[in-house]
Amino acid sequence: MEYGQNISVKQADLYYGDFHALKNINIEIPAKKITAFIGPSGCGKSTLLKCFNRMNDLVEGCKITGEFKIGEVDIYKTNDVNALRKNVGMVFQKPNPFPMSVYDNIAYGPRTFGIKKRAQLDEIVERSLKQAAMWDELKDRLNKSALGLSGGQQQRLCIARALSISPKIILMDEPTSALDPISTGKIEELCGELKEQATIVIVTHNMQQATRISDKTGFFLLGDLVEFGDTDQIFTNPKNEKTENYITGRFG
Amino acid sequence: MNSSKIKEQGGKAIFAGTAGICILAVIAIFVFIILQSIPALSKIGFTDFLFGTKWNPDANDIYANDLVGKYGILNMIVGTVFSTIGALAVGGTLGYFTAVYLAFFCKGKLKKIINTMVNLLAGIPSVIYGFFAIKAVMKLFNWMSPTGNATGLFMTSLILGIMILPTVTSLTKTSLEAVPKSYYEGALALGATHEHAVFKTMVPAAKSGIKAALILGIGRALGETMAVVMVAGNSPQIPDGLFESFRTLTANIVLEMSYAGEVQMGALFSTGAVLLVFVAVINILMGFVKTGGQKTKSKKSLPLWDKITSKINFGKIGKIACFVSAVFAGIFLVSLVVYILIMGLPHITGQLLFGEFEYGGEISILPSIVATLMTILLSIVIAIPLGIATAIFLNEYTKKGSRFISIIRSAVDILSGVPSIVYGLFGAITFVVLLGGSYSILAGSLTISIMLLPTVIRSTEESLKSVPDSFREGSLALGAGKLRTIFKVVLPSAMPGIIAAVILSIGRVVSESAPFMFTMGASIKPMPDGYMSSGTTLAVALYKLSSENLHTNEAYATACILIVIVLALNLLAEWVGKKLEKKLNGETNGIRTKHKRKAS
Ligand SMILES: Nc1ncnc2c1ncn2[C@@H]1O[C@H](COP(=O)(O)OP(=O)(O)OP(=O)(O)O)[C@@H](O)[C@H]1O
Ligand SMILES: [Mg+2]
């Protein structure tokens, strides 16, 4: 079965121990679009995002029910988590480049999946950095430690690293919350370009960001997906009163 | 897909298996030593053995005949308790005040220097302490002794005290530094002086940590062997004065093992078993302190103690005590090193270092150097992978509250508390016997390997803990499996700690002597011709040279070589740790500042 680029979630519930963190979530995330998750802190945005690449497997006492499909694959039925994560990349809130050279950071993913030839790796590194609009910045420092880059550069490097294995979907959990406005702008621009080839799901606290870059927006509250729809509609004409209260800044 | 699953499962099984070795080792040590002591205990009689006050063994005693010798160890138990109390009085006090000094009263360069000195004190071999005590420290105190010879309880307590000082200091310091800074600020806000805040607020808050430090110090003092043998005097009697000769349990084993008869041997193993009981008690106490410290948060005040403390002006006295303790530790270290260098350097000759060894003739320590290197090589090859794998299991595969994990942890704790001489006993009845009954470098290396495990495990675990989870998440999110994540991302980031562990382990092999004496041999020999040869490490050679009292110059020279190696290793470990730490986080800064400059 093939991993596709759309995500389909049906009747999903998630518990951390006794705590009901996601409540009957149903959502259809379209392919090659940017979908934003918004909502107050602790409402379950990251939790849902981490379901898509099964990073929640790492959390002890986390129980998940319901159906999560990516393309045709029911991801909680497959037992090859690594293949899932190859198809569904992730960018974290805090940039987390490995303590290695820029080159090795990007080559890490391809190497994981058995690519060893230098020429092939060179090509992937160049392609990924170009896609992340960093090639010109970094081509002379490929062998320098990635930890030496600025925060914004580190985050874009992490995006390049995620791109290195050509994921069909990229999950981003508040990727710009630790960055300055200029770096944030660059990453937003990048997202716009990346949706040509990949589906992007982004968690953000910044509502302007959601309106600027996303096609679809989901609003979460206390583990519920309160409203999901076109970004324009959500921000100009929300159907649910809670959504309206939130986007107009009445709480959260 | 399937093959990677198998690899992951296999990896986990191997890590778990190595971790299991620690449990196995603990069980084996207890079982073997106790099994060896049962025949002797039943022959001698349990109460006669424990409460008998006469130790007068007869090497011809065998289990089949009636006993001629006397085998009561009460005097040695009392001797061990006395010297431990003495050591605690000296080392506990000095260590405590030094820790407070380091934590609150000194800064910058001075702090670094004293810290390093305390670490170096921990690295100095037991034989060197003993040797320095006999050759130098004792001379300062001989006038106080009625016999004109300062061997005995006082000297032992002093030396043991300094030996446990680093343990007490570093643990106390850690727990003091773990007290939230807000407590201190709170105290100052109420008008307390710096000193008052330190002694009345910070120290009480770290109470359970300090207790743990003292208990660990007691454990070390109980198990210390070589230095004690060299300064205690060793007559099996209860000392009735500070300068009376006495004997500890550990010394009893070292002194008589090599020529013991059947029952006597059994009695020595029984002595080892008693030491293990002490170790068990210490571990249990430690458990109480750890859990009890959290439960009894409410302040139980000791009225008398409070009355006394409220009268004392902590500001001055406490600060002075701290300063004096730290300075004392520093002076002791410096004078030990300087004395041994001065006395030893002139006697380091070509013959000693590179010459042929002849029985009864010229001494050469080349065979000992070779034997030491062989032991280092083999024990590192064994202990480092096992220790790292165990640490990986403990840190990377932990499920919170897993029973298996907590059992392994206690096993590691117990292993690190078992006295080195007991390891020697264990090696003698397992590895030596397995390898055909004669001493060999192989048997010695295997013995010390088990001893190294706890150190390697702890230090690796520390550095694994310091690797941020975001690295692991980053790797897993790229589709890497757990094994790849561990080997390619986690371990390389933990490298500083691992390399420091290797260096410290080497230092340990060089410093130890008790585990080797009855596994690889205690008499200085010509060049070993393989791992099945017997031999002596440098430290054992020093013990031998100094106890024979014939080759004083060679002994000084050997001590000198030994101390240079040990100091170099300890300093190297510190330096490497810092250097690599910097390389991992700091190289960073260089480039980052460059980048910023460009931007502006
Ligand atoms: N590992 C965990 N164990 C137990 N509870 C958790 C865990 N992770 C998250 N939670 C709880 O689940 C809820 C949802 O958390 P989540 O991190 O998904 O929120 P979020 O919407 O991403 O919030 P934020 O905007 O602050 O990142 C929170 O109440 C949180 O406390
Ligand atoms: Mg979140």
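Draft legend 1. Region of interest: the interface of chain B and chain A. Contact with chain B, which involves 28 residues of that partner, is made by 33 residues of chain A. Buried surface at the junction of chain B and chain A, summed over both partners, amounts to about 2,500 Å²; 59% is from carbon and sulfur atoms. Applying the counting rule to chain B against chain A returns zero salt bridges. Inspection of the chain B/chain A interface yields five residue pairs in polar contact (both at pLDDT 80 or more). Top contributing element to the side of chain B that touches chain A by residue count: helix H21 (residues 469–477) of chain B, with seven residues. In the side of chain B that touches chain A, the residues fall into nine nonpolar, ten polar and nine charged.

Draft legend 2. Structural view of the side chain of Asn 570 of chain B. Residue and element names in this part refer to chain B. Locating Asn 570 in the fold gives a position in helix H26 (residues 552–585). Owing to a relative accessible area of 12%, Asn 570 belongs among the buried residues under this scheme. Non-local contacts of Asn 570, meaning those with residues more than four positions away in its chain, are made with Asn 119, Leu 120, Gly 123 and Leu 504.

Draft legend 3. Summary view of the domain arrangement of chain B. Residues and elements named next belong to chain B. Its domain assignment divides chain B into domain 1 (8–35 + 355–599) and domain 2 (75–259 + 314–347). Averaged C-alpha coordinates put domain 1 and domain 2 at centres separated by 25 Å. Each partner contributes to the interface: domain 1 provides 30 residues, whereas domain 2 provides 30 residues. Buried surface at the junction of domain 1 and domain 2, summed over both partners, amounts to about 2,700 Å²; 79% is from carbon and sulfur atoms. By the criterion of area lost to domain 2, the three top residues of domain 1 are Tyr 543, Tyr 556 and Ile 563, representing 25% of everything that side buries. Taken together, domain 1 and domain 2 are joined by five residue pairs in polar contact (both at pLDDT 80 or more). Only helix H18 (420–429), helix H24 (514–517), helix H25 (538–548) and H26 provide two or more residues apiece to the side of domain 1 that touches domain 2.

Draft legend 4. Fine view of the state of the cysteines. Taken as a whole, this structure holds zero disulfides over all chains when the rule is applied. Cysteine Cys 158 of chain A remains unbridged, with the sulfur of Cys 191 of chain A as its closest cysteine sulfur at 14 Å.

Draft legend 5. View of helix H16 (residues 366–396) of chain B. In a regular helix each residue adds 1.5 Å, so 31 residues correspond to 45 Å; H16 of chain B covers 43 Å between its end C-alpha atoms and thus fits that length. A bend of about 30° at Ile 380 of chain B is the largest found in H16 of chain B.

Draft legend 6. A look at the site of ligand 1. Residue and element names in this part refer to chain A. The local shell around ligand 1 holds 13 residues, among which Ser 41, Lys 45, Ser 46, Thr 47 and His 205 are the closest. Between ligand 1 and the protein, one listed contact pairs an oxygen atom with a side-chain N or O atom of Glu 174 at 3.3 Å. In this structure, His 205 approaches ligand 1 through a side-chain N or O atom, which is 2.6 Å from an oxygen atom. Taking 630 Å² as the accessible area of ligand 1 by itself, protein coverage stands at 64%. Elements supplying a minimum of two residues to the shell around ligand 1: strand E2 (19–29) and helix H1 (45–52). In terms of residues, the shell around ligand 1 owes the most to one element, H1, which gives three residues. Its residues assigned to classes, the shell around ligand 1 shows five nonpolar, six polar and two charged.

Draft legend 7. Spotlight on the sheet that holds strand E8 (residues 199–203) of chain A. Residue and element names in this part refer to chain A. If you trace the six strands from one edge of the open sheet to the other, you get E6-E7-E8-E3-E9-E10, paired in mixed fashion. Either end of the sheet is taken by a strand with one partner, and the two such strands are strand E6 (88–91) and strand E10 (224–230). Pairs of neighbouring strands in the sheet enclose a mean axial angle of 15°, with direction left out of account.

Draft legend 8. Region of interest: empty space enclosed by the protein. Scanning the entire structure with this criterion turns up one cavity of 30 Å³ or more. Approximately 30 Å³ is the volume attributed to the largest cavity. Around the largest cavity, the lining residues are Met 90, Cys 158, Arg 161 and Ala 162 of chain A together with Gly 474, Ala 477 and Leu 478 of chain B. Taken together, the elements giving at least two residues each to the lining of the largest cavity come down to helix H6 (151–163) of chain A together with H21 of chain B.

Draft legend 9. Local environment of the packing of H16 of chain B against helix H20 (residues 441–465) of chain B. Residues and elements named next belong to chain B. The geometry of H16 relative to H20 is characterised by a closest axis approach of 6 Å and an angle of 40° between their N-to-C directions. The pairing of H16 with H20 is recorded here as oblique in orientation. In this structure, H16 crosses over H20, and the sense of that crossing is right-handed. For the contact of H16 with H20, the residue count by class is 20 nonpolar, eight polar and three charged.

Draft legend 10. How the structure looks around the pattern of salt bridges. This model, assessed by the stated rule, comprises 21 salt bridges over all chains. With its nearest N and O atoms 3.5 Å apart, the salt bridge here joins Asp 136 of chain A to Lys 139 of chain A. The salt bridge involving Asp 413 of chain B is made with Arg 458 of chain B; its shortest N-O contact spans 2.5 Å. Of this pair, Asp 413 of chain B sits in helix H17 (residues 403–417) while Arg 458 of chain B is found in helix H20, placing the two residues 45 residues apart along the sequence. For Asp 413 of chain B, a relative accessible area of 27% corresponds to the partly exposed category. Classification of Arg 458 of chain B as partly exposed rests on a relative accessible area of 36%. Beyond isolated ion pairs, a larger network of salt bridges with shared partners links Glu 396, Asp 469 and Arg 472 of chain B.

Reading guide: rules and limits
Residues numbered from 1 in each chain as written. Chains lettered and ligands numbered in written order. Predicted model: local features only at pLDDT ≥ 70, side-chain atom pairs only at ≥ 80, totals over all residues. Heavy atoms only, no water. Contact = heavy atoms within 4.5 Å. Buried area = accessible area lost by both parts, 1.4 Å probe. Salt bridge = Lys/Arg side-chain N within 4 Å of Asp/Glu carboxyl O. Polar contact = N/O pair within 3.5 Å; in protein donor to acceptor, adjacent residues only side chain to side chain. Helix = DSSP H or I, 4+ residues; strand = E, 2+ residues; numbered from the N terminus. Nonpolar A, V, L, I, M, F, W, Y, C, P; charged D, E, K, R; others polar. Buried < 20%, exposed > 50% of the residue type's maximum accessible area, 1.4 Å probe, protein only. Domains from an automatic or database assignment. Disulfide = S-S within 2.5 Å. Expected span 1.5 Å × (residues − 1). Bend = angle between axes of the 7 residues up to and from the residue. Near = heavy atom within 4 Å. Areas by Shrake-Rupley, 256 points an atom, 1.4 Å probe, with all protein chains shown as cover. Pairing = 2+ DSSP bridges. Axes fitted to C-alpha atoms, helices over the stretch in contact; angles between N-to-C directions. 1 Å grid on protein atoms, 1.4 Å probe; cavity = no way out; pocket = protein on both sides within 12 Å on 5 of 7 lines; lining within 4 Å. Points joined across faces, edges and corners; volume = space filled by probe spheres on them. Parallel < 35°, antiparallel > 145°, perpendicular 65-115°, else oblique. Left-handed = near helix turned anticlockwise from the far one by under 90°.

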